[in-house]
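One letter stands for each residue in the lines below.
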Amino acid sequence: MIPSDGRVVSATGVLAQFAAAGVLEAADVHVAKMVTRTGGENDPSVALAVALTVRALRAGSVCLPLDQARPMAHFFVREDDDQAARTDIDALPWPDPLDWLATVVDSPLVGDEDATINSRPLRCVDGAVYLERYWCDQESIRVILAHRAEPLPAVDESALTAALDEFFPGGDQEADQRRAVAAAVRGRTTVIAGGPGTGKTRTISWVVEAMRRQWMAQGETGRIALAAPTGKAAARLTESLRENTAGPSSPAGTQGAGEDAMAVPGQLHAVTLHRLLGARPGRGVSFGPARRLPYDLVVVDEMSMVSLSLMARLLEALSPSTRLVMVGDADQLTPVDAGAVLADITAAGLAGPDPLGGGIVELRHGFRFDSAIAQLADAVRRGDADATLELLRASPEGLQFDELDPGIVELDALPALRRELEVQARGIGHAATSGDGNGAVRALEGHRLLCAHRTGVYGVSRWSAMVQQVQRPALASGSDADPDWFTGRPLLATRNMAELGISNGDTGVVIATPEGPRAAMSNGRSYAPFVLEGIETMFAMTIHKSQGSQFDRVTVVLPGADSPLLTRELLYTAITRARRGVRIIGLREAIVTAVRTPARRASGLTDRLQRTSVRPH
């Protein structure tokens, strides 16, 4: 039973103490009680290890290193848990780490590295406790990547050199792109890493065109699939490739496999990884070790959002001869589900043909950002709090730092932001009233206010209400039929509607038309209100929800320095959403904490990969 404040009253003993402190929640306690009861385990420290492992998974970690359980627990408490805020987590009855480890290892519930698959519900390897499923997924990734490190059959080097010379006629700025294309053609598994604006999408188009020419030179046909973790990211990749097509604009010599795998970059259509794998609710995936994906090249964008389990399913579905190219920014926010696969792989290294990075090529030159935004993002990425503060306080063009507490400040104390919001509202209102959907969406994407939290004084709920007070007067009134669908209303899709081409996270604006109000969405299409579900009003959004999007300017609302959400990756992701301007509202202490606090996601993948020697030759 769970009371109104979320406490788990069914918990007893040590589990009850950790639940009362907000470290454990109902799901964690219930799983621990079920597993220990079924397995005949009566030691409370083992039950605590099981419960904390489940909680760590829900917080994004793959495992629970027992010697790190105490510091990790500070990140397990909900942001709105006022009772937990008054609890000293370090004062809870934590077992001695060495004694705890010995007890867990001796438990009949726990297997070691060599235990038979699925013979026990948990494993303890290198001092970390795993649920069996996640250990198996981690090992699947390790083993398959090791096997994919073997050399590919002969590459037509003359065709590759000709393509590289054509794509990159000279200049150091594109040297990394040249290396990335060469590595992708020569290797089975390649990671192309880089921040926003470093040319990742353009590089994808060059990889596809270079492979097309390989197949032509060898008298073969090839099949290509493009994918991304979310529908929004897949749609953005499709759109970006159409804008950044390299090579000829018509097919020649290569046959695709339907709309998801065509030969020419500008004609490719990206899909979600779940769709690529044939995932069905409650029934797993259609493709796997017994039925491989029918592609010769698979490119996955936004790899930072790919979870451990999804990565395992992808690798298991690939033929050994299929080239896999993973593209993303390892410094961005990690997936909602457990794991940080891209960060783990880049930290471990990957065998491959590139003389500098093996199978990993980092794109270092920025083509998009103004210099101040690029410098700020780099300082945050490096964890340099002093350089970050120095840049913000210098206020170069493109950067503004309002050193105020966002939990108590009102918009009247932020006149520059208020003016920007008023100008944006007039732009949205004018375009929406005239029925210009594209213009209204462009005005909406001109500025975005981003929060770390959803609720509370630092959250979207409060800041959205304040922005609405400023912007609503410039927008038209609602229709007689439905006052909620007022002209100029900013929209956010909170669920995928594949049949309509709408993805979770898409934004839009209500526009006036002769037929009545319609929702003009960021996918370039407009819809009657009655066909849409899961649409919310959006005057502000979370930084997590903004991942994969770009805006002209962003305003970032930072929480207090004690927020468990405040990490380097969060701040870096927020900053790199902007093309031309970044405003940060927050206290110095919050900036320093964010820059100096990398996200805590426990995983054994990096260490396991390194020990398997999946590294540059």
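In this text the structure is predicted, and so the values were computed from the model without any measurement.

Chemist: Sorry, what's going on with the pairing of strand 4 (residues 128–131) here?
Modeler: A regular strand carries its side chains on alternate faces of the sheet. Here strand 1 (residues 64–65) pairs with strand 4 via two bridges, running antiparallel. When the bridges of strand 4 are listed, Leu64 appears paired with Val129. Sheet topology note: the strand 3 (residues 122–125)/strand 4 ladder contains four bridges and is antiparallel. Paired with Arg123 across the strands is Tyr130, a residue of strand 4. The hairpin formed by strand 3 and strand 4 contains two residues between the paired strands, and Asp126 there has a positive phi angle of roughly 55 degrees.

Chemist: Teacher, can you tell me more about the sheet that holds strand 4 here?
Modeler: For sheets, the rule is that strands pair by backbone hydrogen bonds, running either parallel or antiparallel. Read from one edge to the other, the open sheet built from four strands follows the order 1-4-3-2, with strand pairing classed as mixed. Of all the strands in the sheet, the pair left with one neighbour each is strand 1 and strand 2 (110–111).

Chemist: Mind showing me how you'd approach the domain arrangement of the chain here?
Modeler: One frequently used descriptor of interface size is the decrease in accessible area upon assembly of the parts. Domain boundaries assigned for the chain yield domain 1 (13–130), domain 2 (150–244 + 265–367) and domain 3 (372–596). Counting residues at the interface gives four residues for domain 1, matched by four residues for domain 2. Between domain 1 and domain 2, the buried area comes to about 270 Å², and carbon and sulfur atoms account for 69% of it. Its largest share of buried area at the contact with domain 2, domain 1 owes to Leu57, Gly60 and Val62, together 93% of the area lost on that side. Of the residues that constitute the side of domain 1 that touches domain 2, the class distribution is two nonpolar, two polar and no charged.

Chemist: Teacher, can you tell me more about the UniProt feature "domain: UvrD-like helicase C-terminal" (unreviewed entry) in the chain here?
Modeler: Under the local residue numbering, the UniProt record ascribes the feature "domain: UvrD-like helicase C-terminal" (unreviewed entry) to residues 539–585. The straight-line gap between the two end C-alpha atoms of residues 539–585 is 17 Å; of that span, 26% is helix and 36% is strand.

Chemist: How should I be thinking about the confidence of the model for the chain in this particular structure?
Modeler: Any residue range with low pLDDT should be treated as having predicted coordinates unsuitable for detailed reading. In the predicted model, the chain carries a mean pLDDT of 86, and the fraction of residues at 70 or more is 90%. Segment residues 1–5 is flagged for pLDDT under 50; beyond a separation of four residues in sequence, or across chains, it makes ten contacts in the model. Residue range residues 246–263 is modelled with pLDDT below 50. Its contacts to residues more than four positions away, or to other chains, number 52 contacts.

Chemist: Can you walk me through the packing of helix 16 (residues 385–394) against helix 22 (residues 588–596) in this structure?
Modeler: Two numbers describe a pair of packed helices, the interaxial angle and the distance between the axes. Across the interface, helix 16 lies against helix 22 with an axial gap of 9 Å and an inter-helix angle of 135 degrees. As far as their axial angle goes, helix 22 and helix 16 are oblique. Seen from above, helix 16 lies across helix 22 with right-handed handedness. Two secondary-structure elements touch here, helix 16 through Ala385, Asp386, Thr388, Leu389, Leu392 and Arg393 and helix 22 through Arg588, Ile591, Val592, Val595 and Arg596. The residue makeup of the contact of helix 16 with helix 22, split by class, is six nonpolar, one polar and four charged.

Chemist: Before we go on, may I ask you to explain helix 16 in this structure?
Modeler: Given 3.6 residues to a turn, an α-helix orients residues that are three or four positions apart in the same direction. Within helix 16, burial applies to Ala385, Ala387, Thr388, Leu389, Leu391 and Leu392. Looking at the packing, one finds that the buried side of helix 16 touches helix 15 (371–381), strand 11 (399–402), strand 20 (578–585) and helix 22. Sitting at the head of helix 16, Asp384 places a side-chain oxygen 3.3 Å from the backbone nitrogen of Asp386. In the stretch just after helix 16, Ser395 is the one whose phi turns positive, near 50 degrees.

Chemist: Please clarify how the pairing of strand 13 (residues 490–493) should be interpreted in this entry.
Modeler: Along strand 13, one buried face is formed by Pro490 and Leu492 and the opposite face, lined by Leu491 and Ala493, is buried too. Note that strand 13 and strand 14 (residues 507–511) share three bridges and pair antiparallel. Counterpart to Leu492 in the pairing with strand 14 is Thr507. Here strand 13 runs beside strand 17 (residues 535–537); their pairing, made up of three bridges, is antiparallel. From the neighbouring strand, Leu491 faces strand 17, where its bridge partner is Thr537.

Procedures and definitions
Residues numbered from 1 in each chain as written. Predicted model: local features only at pLDDT ≥ 70, side-chain atom pairs only at ≥ 80, totals over all residues. Heavy atoms only, no water. Pairing = 2+ DSSP bridges. Helix = DSSP H or I, 4+ residues; strand = E, 2+ residues; numbered from the N terminus. Domains from an automatic or database assignment. Contact = heavy atoms within 4.5 Å. Buried area = accessible area lost by both parts, 1.4 Å probe. Nonpolar A, V, L, I, M, F, W, Y, C, P; charged D, E, K, R; others polar. UniProt positions renumbered as here; feature names shortened; annotations may be inferred. pLDDT = per-residue confidence, 0-100. Axes fitted to C-alpha atoms, helices over the stretch in contact; angles between N-to-C directions. Parallel < 35°, antiparallel > 145°, perpendicular 65-115°, else oblique. Left-handed = near helix turned anticlockwise from the far one by under 90°. Buried < 20%, exposed > 50% of the residue type's maximum accessible area, 1.4 Å probe, protein only. Polar contact = N/O pair within 3.5 Å; in protein donor to acceptor, adjacent residues only side chain to side chain.

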